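A look at the structure
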Amino acid sequence: MNNYEFINVEIKDRVGIIEFNYVKKLNALSECFIQDILHALIVLNVPEIRCVILRAPKGSKVFSSGHDINELPKTKRDPLSYQDPLRILTRTIQRYPKPVIAMVQGSVWGGGFELIMSTDIVIASDKSTFAMTPVNLGVPYNVVGIHNLIRDAGLHVMKEVIFTANPITAEKALKIGILNHIVPDDELESKTLEIANLICEKAPLAIEVIKEEMRVLCEANAINPDEFERIQGLRRYVYDSLDYQEGLTAFFEKRKPNFIGK
Ligand code: LCV
Ligand code: LCV
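Everything in this summary refers to the structure shown in the same document. (Residues numbered from 1 in each chain as written. Chains lettered and ligands numbered in written order. Predicted model: local features only at pLDDT ≥ 70, side-chain atom pairs only at ≥ 80, totals over all residues. Heavy atoms only, no water.)

A few points about the site of ligand 1
Our working rule: We call a residue near a given molecule or strand whenever any one of its heavy atoms falls within 4 Å of it. Here a polar contact means two N or O atoms within 3.5 Å. Within protein one must be a hydrogen donor candidate and the other an acceptor candidate, and residues neighboring in sequence count only if both atoms are side-chain atoms. The accessible surface values rely on the Shrake-Rupley method and a 1.4 Å probe; as for residues, cover is taken only from the protein chains in view.
Around ligand 1 lies a shell of 19 residues, among which S65, H67, G111, T133 and K254 are the nearest. Within the backbone of H67, an N or O atom sits 2.8 Å from an oxygen atom of ligand 1. T133 places a side-chain nitrogen or oxygen 2.7 Å from an oxygen atom of ligand 1. Burial of ligand 1 by the protein amounts to 65% of the accessible area it has alone, namely 980 Å².

With respect to the state of the cysteines
Put simply, the test is: Cysteine sulfur atoms that come within 2.5 Å of each other are treated as a disulfide pair. Residue exposure (1.4 Å probe, protein chains only): buried if accessible area is under 20% of the type maximum, exposed if over 50%, otherwise partly exposed.
Enumeration according to the criterion identifies zero disulfides in this entry. Free of any disulfide, C51 has its nearest neighbouring cysteine sulfur in C200, separated by 5.4 Å. The class for C200 is buried, based on a relative accessible area of 2%.

Here we look at the packing of aromatic side chains
Using the following cut-off: Working definition: rings of Phe, Tyr and Trp (its six-membered ring) pair if their centres are within 6.5 Å, and the pair is stacked with planes under 30 degrees apart, edge-to-face with planes over 60 apart, and tilted otherwise. Only DSSP runs of H or I reaching four residues or more are called helices, and only runs of E reaching two or more are called strands; each is numbered from the N terminus.
Scanning the model with the defined rule gives six aromatic pairs in all. With centroids separated by 5.1 Å and ring planes inclined at 90 degrees, the aromatic side chains of F20 and F33 adopt a geometry described as edge-to-face. Of this pair, F20 sits in strand β2 (residues 15-20) while F33 sits in helix α1 (residues 31-43), placing them 13 residues apart in sequence. Using a relative accessible area of 0% as the deciding quantity, one classes F33 as buried. Taking the centre distance of 6.4 Å and the plane angle of 85 degrees together, the rings of F113 and F130 count as edge-to-face. Here the residue F113 occupies a position in helix α3 (residues 111-118), and F130 occupies one in strand β8 (residues 129-131), the gap between them amounting to 17 residues.

With respect to the sheet that holds strand β10 (residues 181-183)
Quick reminder of the rule: Two strands make a pair as long as DSSP finds a minimum of two bridges between them. Interaxial angles span 0 to 180 degrees and are taken between N-to-C directions of axes, which are lines fitted to C-alpha atoms, for helices over the stretch in contact. Contacts are residue-level and defined by heavy atoms, with any inter-residue pair within 4.5 Å sufficient.
The sheet built from six strands is open, its strands ordered β1-β2-β3-β5-β7-β10 with mixed pairing. Each edge of the open sheet carries a strand with a single partner, namely β1 (7-12) and β10. With strand direction ignored, the average angle separating the axes of adjacent strands in the sheet is 20 degrees. For strand β7 (residues 121-125) and β10, the ladder comprises three bridges, and the chain directions are parallel. Looking at the pairing, I123 lines up with H181 of β10. Sitting on the sheet, helix α8 (residues 185-200) is in contact with β1, β2, β3 (51-55), β5 (100-104), β7 and β10, with an inclination near 160 degrees to β7.

Structural notes on the sheet that holds strand β9 (residues 168-169)
By way of backbone hydrogen bonds, the strands of a sheet pair with one another, either parallel or antiparallel. Taken in spatial order, the four strands of this open sheet run β4-β6-β8-β9, and their pairing is mixed. Looking at strand neighbours, the two that pair on one side only are β4 (62-64) and β9, the edges of this open sheet. Across three bridges, strand β6 (residues 107-109) lies against β8 in parallel orientation. Looking across to β8, one finds that S107 is bridged to T129. Set on the sheet, α3 makes contact with β4, β6 and β8; between it and β6 the angle comes to about 100 degrees.

What about unusual backbone geometry?
Even without being glycine, N27 reaches a positive phi, approximately 55 degrees. Within the element layout of this structure, N27 appears in the loop between β2 and α1. At A165, a residue that is not glycine, the phi angle is positive and equals roughly 55 degrees. Its location among the elements puts A165 in the loop between α6 (155-164) and β9.

Some details on the side chain of E114
Looking at where E114 falls in the secondary structure, it is placed in helix α3. At 2.8 Å, the side chain of E114 forms a polar contact with the side chain of N148. Those residues within four positions of E114 in sequence are excluded, and the remaining contacts are L86, R87, T90, Y141, G145, N148 and L149.

Section: a nonpolar patch on the surface
Stated formally: Like charges within 9 Å and nonpolar side chains (Val, Leu, Ile, Met, Phe, Trp, Tyr) within 5 Å are joined into patches, using only residues over 30% in relative accessible area that form no salt bridge. One speaks of a salt bridge when a side-chain nitrogen belonging to Lys or Arg is within 4 Å of a carboxyl oxygen belonging to Asp or Glu.
On the surface, a cluster of nonpolar side chains totalling about 280 Å² of accessible area is made up of V209, I210 and M214. Position of I210 relative to the elements: it lies in helix α9 (residues 204-218).

Some thoughts on the pairing of β1
Pairing of β1 with β2 involves six bridges; the strand directions are antiparallel. Bridging across to β2, E10 finds its partner in I17. Joining the antiparallel neighbours β1 and β2 is a turn of two residues, in which D13 adopts a positive phi near 55 degrees.

Looking at the environment of D78
Relative to the elements of secondary structure, D78 occurs in the loop between β4 and α2 (85-95). Each C-alpha atom of the pair D78 and A250 lies 19 Å from the other, and the pair is 172 residues apart in sequence. In this structure the side chain of D78 is engaged in a polar contact, spanning 2.8 Å, whose partner is the backbone nitrogen of L80. At 2.7 Å, the side chain of D78 and the side chain of R235 are in polar contact.

Listed below in structure tokens is the structure:
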């Protein structure tokens, strides 16, 4: 079960636990890391497993530093296209026939924020923080990603979270509906397992169909094809912009970006 390079998988009763083991890259959502998670989700999709937990190692300072910025295309390509590894992972989690619980410790950044938003239940340490960062890099976040973000939390709050890229506290994240529970670090594992084990006692087929009903209903948004293509055109203008290149370059040069709106 544990022939993975970037995760450790453990089974506790009927709970499958996927622990990140990519700390050297601060659990950045690199393709190789995501491939391991996707493979483990397939392996854990058996009747005797009733719930899956995604977690960082105990005591983690960073739950996930978000997209691996090295893997973002330099320009002239959508940085968040349908086949992007993170897009595949969020879709897989949302369609996964068992509840997926994010057990969060440490700071959550960018794509990591969307990753936890794609899970079903989020239980976090009271010291964790959450930052949505596309405007730090000049990234035109994609339509599905934005929908994942604004669906659960109010629009005004999410606009401030995204437009300022300021990390928010666990308390604030709980208040706006991003988190289900916040607990002290030393209670995080027991609280998460308590909820996971309660789910394991319930009817799995009913859970599976109700989860899928909720996904379908939440995604039942009428957006006409012309509007969608118009937005894609606007996004292309952004990821072809000098600002997008400046955002990436500034990150690698470890300096503040100087955005000029072109
Ligand atoms: C590649 C990294 C990363 C990283 N990728 O350690 O949502 S969107 O649109 O923005 C989407 C595109 C997205 O998710 O973009 C990524 C958003 N992520 C962030 O903004 C977080 C960026 N990272 C940080 O702010 C810091 O690294 C944190 C606070 C996570 C940890 O700070 P700490 O001082 O502990 P360093 O910053 O020194 O990072 C250690 C090494 O990891 C690299 C970083 O460049 C550094 O590399 P070097 O050792 O070569 O200097 N690194 C960190 N995050 N997402 N590489
Ligand atoms: C028939 C009952 C019921 C009852 N039907 O008194 O949402 S869904 O999908 O689940 C949907 C299908 C639905 O709404 O399903 C029903 C969900 N309801 C429940 O799970 C509540 C089940 N009931 C209880 O937990 C207890 O009865 C409560 C806490 C409501 C009351 O407890 P109390 O000790 O005061 P009893 O449990 O002794 O119930 C008295 C009698 O009423 C029956 C129960 O089986 C018992 O019958 P007997 O006297 O033959 O032992 N009863 C209770 N609820 N929904 N019958």
